[in-house]
Structure formats: structure tokens, C-alpha cells
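Examination of the molecular architecture
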Amino acid sequence: MLDEFSIEVTAELEAEDSEEHSELEAPVPMGSAASERAHSSDTLLDRTLDAQLADSGVALFSKTETSEASDFAPPPDTLAATTTSIPAIGETDDATSIGNQDDPLFGYDDELILQLRVVGTSATETIIAYGARDGTYLPVGELSRLLDLPIQISDDGNYASGWYLSEDRTVFINLREGTIELQGRTIQLDQSAGQAFDGETFLRADLFAEIFPLEVETDLRSQAIILTTLEPFPFEERMRRRAERERLSLRANSPEQAAWPREELPWAALSFPIIDAELRAVSDVPRGERFESDLRIAGDFAFLTAQAYVSATTRDGLTAALVELGRRDADGDLLGPLQATEFALGDVATLAMPVGLRGASGRGAFVTNQALDGFSVFDEIDFRGVLLDGYEVELYRNDILLGSTRERVNGQYEFLQIPVDYGLNVFRLIFYGPQGQRREEVRRISVGDGRLASGGLQYSAGIVERSVNLLGVEGPDFRPDTRFGDLQAVAEVSYGLNSSITVNASGAMFEDRGADRWIATGGLRSGLGGLAILADAAFSDGGGTAFGVGLGGRALGGGFRLTHFEYSGPFIDELRATGTQPLTRATEVDFNTSIDLGNDLYVPLTLRGRRTAFQDGRVQTNASLRASARFSGLIASSAVSYIELSTPTGSGFDQALASFDLATFNRSSTQLRGSVGFRLFPDTAITQAAAEVSHALDDRTVLRASAGYAFENGGATLGFSAVREFDRFSLALDSQYDFERDDHVIALRLNLSFGRDPVRNSFFVAQPGMAGSGAVSVRAFHDLDGDHAFSAGDVPLPDVTISSANASTLTDEFGRARLGQLGNGNRVVIQLDPSSLPDIYMSPVNRGIQVEPRAGRFQTLDFAVVELSEVEGIVSFQEEESERGVSGLRLQMYDETGELVDYVRTERGGYFFFERVPPGTYSFIIDPEQAERLDLCLSAQEPLLVASVSEIYNLELKVQACEPELRDLQTTGS
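Cut-off values and rules
Residues numbered from 1 in each chain as written. Predicted model: local features only at pLDDT ≥ 70, side-chain atom pairs only at ≥ 80, totals over all residues. Heavy atoms only, no water. Helix = DSSP H or I, 4+ residues; strand = E, 2+ residues; numbered from the N terminus. Buried < 20%, exposed > 50% of the residue type's maximum accessible area, 1.4 Å probe, protein only. Contact = heavy atoms within 4.5 Å. Areas by Shrake-Rupley, 256 points an atom, 1.4 Å probe, with all protein chains shown as cover. Pairing = 2+ DSSP bridges. Axes fitted to C-alpha atoms, helices over the stretch in contact; angles between N-to-C directions. Phe/Tyr/Trp six-rings, centres within 6.5 Å; stacked < 30°, edge-to-face > 60°. Lys NZ or Arg CZ within 6 Å of the ring centre and 35° of its normal. Patch = residues over 30% accessible without salt bridge, like charges linked within 9 Å, V, L, I, M, F, W, Y side chains within 5 Å. Salt bridge = Lys/Arg side-chain N within 4 Å of Asp/Glu carboxyl O. Core = buried A, V, L, I, M, F, W, Y, C linked by side-chain atoms within 4.5 Å. Polar contact = N/O pair within 3.5 Å; in protein donor to acceptor, adjacent residues only side chain to side chain.

**Details of the overall build of the chain**
When you go through the chain residue by residue, the secondary structure sums to nine helices and 63 strands. In the chain, which comprises 974 residues, the share counted as buried stands at 47%. For the chain, the share of sequence-separated contacts (at least 6 apart) that also reach a separation of at least 24 residues comes to 56%. For the chain, the accessible surface area stands at approximately 44,700 Å², while carbon and sulfur atoms represent 53% of it.

See below:
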């Protein structure tokens, strides 16, 4: 019966084993679901049966000795003791010329289990090698699989053939003839070069450096084989791509990248807000001496997120104000059946129509169920936000500088009608403070063709009083636009008719300098062969019409968008022309690509062109080209823009301008920024130049100096500032002098944030910048009682790294840490770095926790840390009075909730090993599919209780033919 069992189980796994390959991924702990494949190379009995059954996966081994429970090790292979009709291992019909069976170089007693390391990576694996007087012998087939080399072993290990790195670099190893052929060149091997053993080709370690572009170091003291690759191997390229994907995943905080547990932050009727405050003592020539203040306040009010910004001076009173109440939810669970992702009251902004009105801001209301990070290639986006006094903000898309501004409109910056690129768009807003401060906000937007899933419904609606804030504040520099105070109501809805076509409709009622007007649009979005298709029609009061088509997608190595519209009557299209003059036609093209200059240097390019014809006969042409490049810690950006205006009378003008910007983006103590503006046509001249340098004297003190010169409509300006950061606030002095106007500005600034920390249960005063977004208060602790909640017996863990996508911090002596500037309503993952824990046997119960931060609110997170244990043992099959270790079984470990925790494949002699096992109760079963095919079950066993203190647990598991009660246990895993 034993022979029949051997034949049956090995034949059953013939097909599935041939499909399993080891991968050298980093880092993969031994015993994990990924690493077990690396330990599941063909077993001893499998290779003996090779001639009859090909690559088998399950085998039996005699169990000749029993280790003590406290000192378990994989049992030695003793197949020679089995009484079967199968030939002995290594027996061949022909004698090999090297390492032949009459005088073998090594045997089973020479087996070594070594760790394989690759210099420059964190990848590790375990291989079986053999040590002899002539050296250490490594398996060619196993190493080829680990290094992703297409080299196959045949003839019971006497022959290996394939290629490495490129198909012309062939290698043929023939141990029967004692030769290696490398790219047509034959090398004669000596008698100690290698041996066919156990169905594998083994070569002396030093020969690998002669065959492959790598160096091999054998360190038997640390039981390791150390490889140094001299050329990039496939596994290294794969690891690089994987690391890049993980880096992007972390920055994107995408919930699809990892199944992070999520913790909700309850809403409150009233929460203690977080407040950012800046107090200034200012002196300048135009307004004299005065005190100024900016306050930014955020928190929960009436179960909504409340945000307010006010700016005031002792001379002018309130100069700017913004107030907003609302909610954001990436899951779309707001307002019941409306399933909204966002709604807001107060100072809000509406979205633009497909054709007609652009987005507008003012006091009003807004609601949408549109995905917070999803747009169509035909959309254009408005960016608005609070811009503090003295700050400048730059907008980048995919590392291309799109614009910069110092101008505040009611305390806000505005970048309007920003086009998007097909695919992933990474927008970065970089804020530069008057004393050299620098902070960054990142928004990631996925751009597609605008089609919805079949039956999908998307809407937005809003009404605003244009440019009027909720409190009606108008500062001393207020300049109303031509439609100031006009009401504008806009609504849009899209519906997926099927997976190929989405229809769209929108409408607007608005005032235009005292007249009531309306616009209605309808259109469709579709796609063809990877291209996005747009078709829109629009009508307005007075008989105005507009018809347009568009095409977008990828072509010529980049992303493009092309639209054309024809107009008649008094139709207003603010999206394609400035002002309210009626149009005849408008054509736009956008193209974005990246040029590879080699040496990891890429230059992103964006090209935009527009030609607009007005009904009064004027024709305006605009074109721009922008490029950026990163090199040696610098980012260089350049732009060229051209405008031409022609009129029916023959008058008009054309002009070409250019600019060049250079800035450091590394973390050095000295930061530089510089810009130069040019006019290229009709004449050539430098129009302006500016430079700025910031230097950190230490981690709390920064000095900044700036200089600028306007060559045509101004003169020279000089500036100097200094900032000192204290534990709870920052103090800054900045000054500027304008030589042309004989004007100076001197300001002393005090900046701070304050609020209440729920973990510390106390009020805090901290560095500024926390009120504009959500924050977390974290506690990391050693969970000694295993309840995953902090209690009196648990131990706080100091100096543990806690991080989000854009920041990290260390826990204090009480295991506590704060992270701010996490955003508002977007998904964010907060992670604990396991490598920062004080013991390698420690691990967080949850490495990451997903949250949706809200402006002005602290969310508390507890990171429970437990000690990990190891579980090892032997799976054996008992027949009469003999026991056989069973290799090749897929052994699964389940926790007490019935979740699969890990799985391994038993090795020679039935040995198995699970590592990094957290505390809990576990049970074991054979993989159900394998168990059903073989009609095998594990004998009844008590659940394994893994304690909260790190231990090594030794088990002996028995395999037998399934009986009804065992089959039930095998199915449930309990």
C-alpha cells in the first residue's frame, strides 16, 4: 500500500508542480505564502520517479530519528531505507565523466541549508547546497529559477540548457561529457566541477562567476551564499518595478493597493477646533504702521465640517473672509439616496459646464456625487484655496510648471481652467513663504474618456452669487469683475446608457449685467480603440447655438486632446474665450509627452494651442510650450507663449514671451530659486529677473535673501527675512525695499496652531499649518494582554516611526505622535514602520490603518504591537509500525475566525516551518483541493495556542486516509 500511495500522490501533482516557480522578491519572510514556493523544489522521491512521472510534488521519507521538541530540525533524507522497487537515487545507466557515482563528490550527509543573499537588495531565499572537500556545490536549476533565468534541467541533472539576460548568451552544461558551452565556446570541466544529484545539476560555487556576470561568495560561518550581480538581472528589474509601484501606491494612498483596515471618525455636534493664527506687526509707506492677523479655523459644527478664514487689520478692519459648511466622502454615502461625495454651503465654487459657463465662486451651495479624483480628458479644473499673506504658490502637473501667483482674491489663490492629461495626473501646489518656508499639497486625478459604467449616474449642481463672499467683506484692494454679484445656477448630469456610450446634459440660469439668461447643453461620451470621443450641442437664449466634437487619448508617445466648436447667435462660451463676446468657432489642441534623454533624465513637455474666431471678425491665436526637467537636485522649468490678434481693419498685434525657472527640490540646507522672463517677439528683451536663496543655520533657523529687477515697468527690489521655529510657535522677521518707489515693508510675524489632542487629553500649541486639513494622534504600544487595546499592563513604545504619504514622525517616550496636513475627505493610510520596532520579533497587529481625515479634527489611532513566534514540525504518514515523513503537502494555517493566515509546502522528510506567527489560536489542514484529490486528512488535533510572548512551537502532525469526521475537520479547518 505504501508504494501505491507514493505513486498516487506524486502522479496527482505532476501537472501543478510544473507550473510553480520560485520568485526572488524582497522582502519575503521564510514560511510566508510567497516564500514557501522557493522551498518547494522537487523532492528526493520526485526526482527518483522522474523517468516515470515527470515533476512530482509529494513524497514519503523514512523517519529514522525523532528530535527533541525544543530542538527541531529538518530530518535527514533516508530514502535508502525504504523498501520499494524504485532505483536508488543517483543510479544511472551511464557513468558520468565528472562526479560519477563510483566516486561521488558529495552525498546526503554533506547537505547544507544556506541563505541566499543578493548585494544591493533586501531579497533573501533559502537553498539546499552540498559541502565537500573541493568546495561548496550549488544547484543550477534552483538558482536559475530564483534569478529568473530560462535554464532547464534534464537527464536527471546531467544536462542543463538555456540562456541568460539575452537569447544570444546561451549556456549548455553537459556533465556526462564534462563540458560547458557558452555562446558557442566550449569549456572542459575538471573532475571536481560538478555532479548530477537528486535530479539537479550541482556546480562548484566558483564556476558560477565564469558562466554568469556575477560574483559568488560562500560564507559558511554565517551559512550564506552572497551574490553580487555585475549586470542587471531580470529579478532585479522586476524588484525595481515593484518598488516603484509600491512607492506610487503609498503616495497615491489608493485603497485598492492594500486591504488596510479602516477606522471611522464619528461626527460631532460641536468639536474643539484647530486654529492656525498669524499675528503681524507691519510698517510700510502706503499704509503706515498697523497690526494684522490671519485666522484659519476648522472643526465639526452641527455634524458638518466647518471651515473659516478671516483676515483683519487695525487700519481697515476685516479685509477677507471665507466660511464654509459641508462634508466630503470618497465613498459617496452622503445625503441618503443622493449618494453624494461632497456638498457645501457658504463660500463655495461650482463646476464648469461642458460648453458655456466656466466655474464660479461666491456665496451659495454646491452638491455632487462625482468621484473626488476622477475626471474626463475633456474636463478642465479650477484650483482655489487660502493663500496666506506674503506667500507665493506654484502649480505643477506631472512635474511641469503651469503657473504661479502671489495675488490673493479674497484671501484665495486661483488657477482656473487647467487642462488635464489622459491617464494619471499628479498636481502639486508648492507654497513658498516670505521667510523661505516651503510646503506642498498633492492632488492625484485619474483621467479617462468620460464614460460611466452601464446604468451609472453622475451629477453636480450649484448656485453662487459670483465673487461675493458670505460675510460681504471687501478689502481695501478689492476690484470687482464685470459680473460681480450676478447669480449663477448650474446643474449637470451624466448617465451610462451602456458600457460604450454615456449621455450628458447640463443647464444654467444666470444673470449677465442685469439680464436674465440661460444655456442648455446635451452630448455624449464614447470611445473607439482607446480613444475618447466627445460630441456636444448647446443652445442659449436669443437663438444662440454651439456644436462641437472632440477626440482624446494616447498617440505619438503622449496624451492628446483635440476639440472644435462652431457657434451662431449670441452664445457665450467662457471656457474658450475671455469675456462675453459671441464666437464663430474655436479650436483647441493639447499634447503632453515626455522625452527620454538617457541616464534617467526625462523631460516632460506640454503643448497647447487655441484659435478663436469672434463674430465681430477678430481672430485670436494662442500657443504655449512648457517643459521641465529634474537633475542633480534641481528642477528646471521653461515656457514659451505666443499670442496673435487680428482684426477686420487690419490692426492687431502679436507677441511671444518666454520664461525660465530653476529651483532646488532636495533636502539640503541651502535652497535656491531663480527666474528670468523674456520677450522674444516683436523685439527681444529681458523683462524681469529674480533670485532667492534660503539657508538653514540649523533645523530651526532659516535665513532668506531675495532680489528682483523689472526692466520695463519697475526697478530693483531687495528682501531679507529670518525665521526661528520654537517648540510651540515660529517667529519671523521679513523686510523688502523697492528702489523705484522708495517703498519699504517690515513685518514681525508670530505663527502658531492650537487645539486639543485627544490622546494626550490636553490642549496644545504647535507649529502652524494644522487647521487646513485633518490630523491623527497616534499611540504605539506593546500589547502584552493581547486585546489590541491600550490598557494598564501594556508598554508604550518610543522612537517608533509613524508615517503618511507625505510626512513621518517618531513617537515620544509615551508612545504618542501627531501627524497633520493629511487633507480633507480623501483616503489616507497611516503606517507604522516595523523596522523601527525595538525587536525583530515584534510586529504591529495592523501595519497600516486607512482614515478619511477631516479639516480641524484629530482622529485617534492605536497601533498594537505583538511578539511573533515560530511554528515548525513534521508531517508524517503512519503505515503499520513505520512512519514516513510526507513532503510536498500544502499545509494551511487558519486562525480562530476561520481566516487563512499562511501556508507552506512541506520539505524533505515532511518538515514544515511557519515564521512570524502572531498570538492567537490556530488550526492546520491540508490544502482542500489537494486533500480531496488524494483523499488525505490530518489526524484530529488540538488547536495551537500561540502566546503573547515569542516562542518556538514544535508540532508532529499525522496524515491518514480521510474518514467522515476528519473530512469535516479538514473542510472547516477547526
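**Looking at the sheet that holds strand β60 (residues 920-926)**
Read from one edge to the other, the open sheet built from four strands follows the order β58-β57-β60-β62, with strand pairing classed as antiparallel. What marks the edges here is a single partner per strand, and that holds for β58 (900-905) and β62 (944-946). Adjacent strand axes in the sheet meet at a mean angle of 30° when their direction is disregarded.

**Quick notes on the pairing of strand β34 (residues 583-596)**
In this sheet, β34 lies alongside strand β33 (residues 558-568) in antiparallel orientation, the contact comprising nine bridges. If you follow Leu-562 over to β34, its bridge partner there is Val-589. Pairing of β34 with strand β35 (residues 602-614), which is carried by 13 bridges, proceeds in the antiparallel orientation. From the neighbouring strand, Thr-587 faces β35, where its bridge partner is Arg-611.

**As for the packing of aromatic side chains**
How two aromatic rings sit relative to each other is given by the distance of their centres and the angle of their planes. Under the criterion given, the structure shown has 24 aromatic pairs. Taking the centre distance of 6.3 Å and the plane angle of 25° together, the rings of Phe-565 and Tyr-567 count as stacked. Accessibility assignment for this pair places Phe-565 and Tyr-567 in one class, buried. A cation sits over an aromatic face here: Arg-327 above Trp-267, 3.8 Å from the ring centre. Directly above the aromatic system of Phe-764 lies the positively charged group of Arg-818, at a separation of 4.5 Å from the ring centroid.

**Here we look at a nonpolar patch on the surface**
Together, Leu-457, Val-493, Tyr-495, Leu-497, Ile-501 and Leu-524 make up an exposed nonpolar region whose accessible area comes to about 490 Å². The topology assignment puts Val-493 in strand β28 (residues 487-496). A relative accessible area of 35% means that Val-493 is categorised as partly exposed.

**Quick look at the pattern of salt bridges**
Scanning the entire structure with this criterion turns up 57 salt bridges. A salt bridge links Asp-300 to Arg-854, with the shortest nitrogen-to-oxygen separation between them at 2.7 Å. Here Arg-854 lies in the loop between β53 (848-851) and β54 (858-867) and Asp-300 lies in strand β15 (residues 288-301), a separation of 554 residues in the sequence. Overall, the relative accessible area of 1% leaves Asp-300 in the buried class. The partner of Arg-576 in a salt bridge is Asp-573, and the shortest N-O contact between them spans 3.0 Å. In the salt-bridge network here, residues are joined through shared partners; they are Glu-278, Arg-280, Asp-284, Arg-290, Glu-292, Asp-294, Asp-734 and Arg-749.

**Quick look at the sheet that holds strand β22 (residues 392-397)**
Spatially, the five strands line up as an open sheet ordered β20-β26-β25-β22-β23, and their pairing is mixed. In the strand order of this sheet, the two ends are held by β20 (374-376) and β23 (400-405), each with one partner. The average undirected angle you get between the axes of adjacent strands in this sheet is 30°. Alignment of β20 against strand β26 (residues 438-448), held across three bridges, turns out to be parallel. Note on β26: the bridge partner recorded for Phe-375 is Val-447.

**Overview of the environment of Gly-558**
Position of Gly-558 relative to the elements: it lies in strand β33. Residues Gly-558 and Asp-421 lie 137 residues apart in sequence; the distance between their C-alpha atoms is 9.1 Å. Other than its neighbours up to four places away in sequence, Gly-558 contacts Gly-553, Phe-591, Asn-592 and Thr-593.

**With respect to unusual backbone geometry**
In this chain, Phe-681 is followed by Pro-682 through a cis amide linkage whose omega measures 10°. The topology assignment puts Pro-682 in the loop between β39 (670-681) and β40 (685-696). If you check the backbone angles, Asp-155 has positive phi at about 55° while not being a glycine. The topology assignment puts Asp-155 in the loop between β5 (151-154) and β6 (159-164). A relative accessible area of 36% places Asp-155 in the partly exposed class.

**Let's talk about the environment of Val-310**
Of note, Val-310 is situated in strand β16 (residues 304-313). With 13 residues separating them in the primary sequence, Val-310 and Val-323 have C-alpha atoms 8.6 Å apart. Val-310 has contacts with Ser-293, Asp-294, Leu-295, Leu-318, Ala-320 and Ala-321, leaving out every residue within four places of it along the chain.

**Description of the nonpolar core**
Counting 39 residues, the largest nonpolar core has Phe-383, Leu-395, Tyr-413, Phe-415, Phe-427 and Leu-429 as its most contacted members. If we skip the residues at most four places from it in the chain, Phe-383 touches Leu-395, Tyr-413, Glu-414, Phe-415, Ile-418, Phe-427, Leu-429 and Arg-443. Val-140, Leu-146, Leu-203 and Leu-207 belong to the second-largest nonpolar core, a separate cluster that totals 31 residues.

**Focus: the side chain of Gln-412**
Within the secondary structure layout, Gln-412 lies in strand β24 (residues 412-419). Classification of Gln-412 by relative accessible area gives buried; the value is 16%. Excluding residues that lie within four positions of it along the chain, Gln-412 makes contacts with Leu-322, Arg-384, Gly-385, Val-386, Leu-387 and Glu-407.

**Section: the side chain of Glu-380**
One can find Glu-380 in strand β21 (residues 380-386). Taking relative accessible area as the criterion, Glu-380 reaches 19% and is therefore assigned buried. Polar contacts involving the side chain of Glu-380 include one to the side chain of Arg-561, which spans 3.2 Å. Looking at Glu-380, its side chain comes within polar contact range of the side chain of Arg-608, at 2.5 Å.

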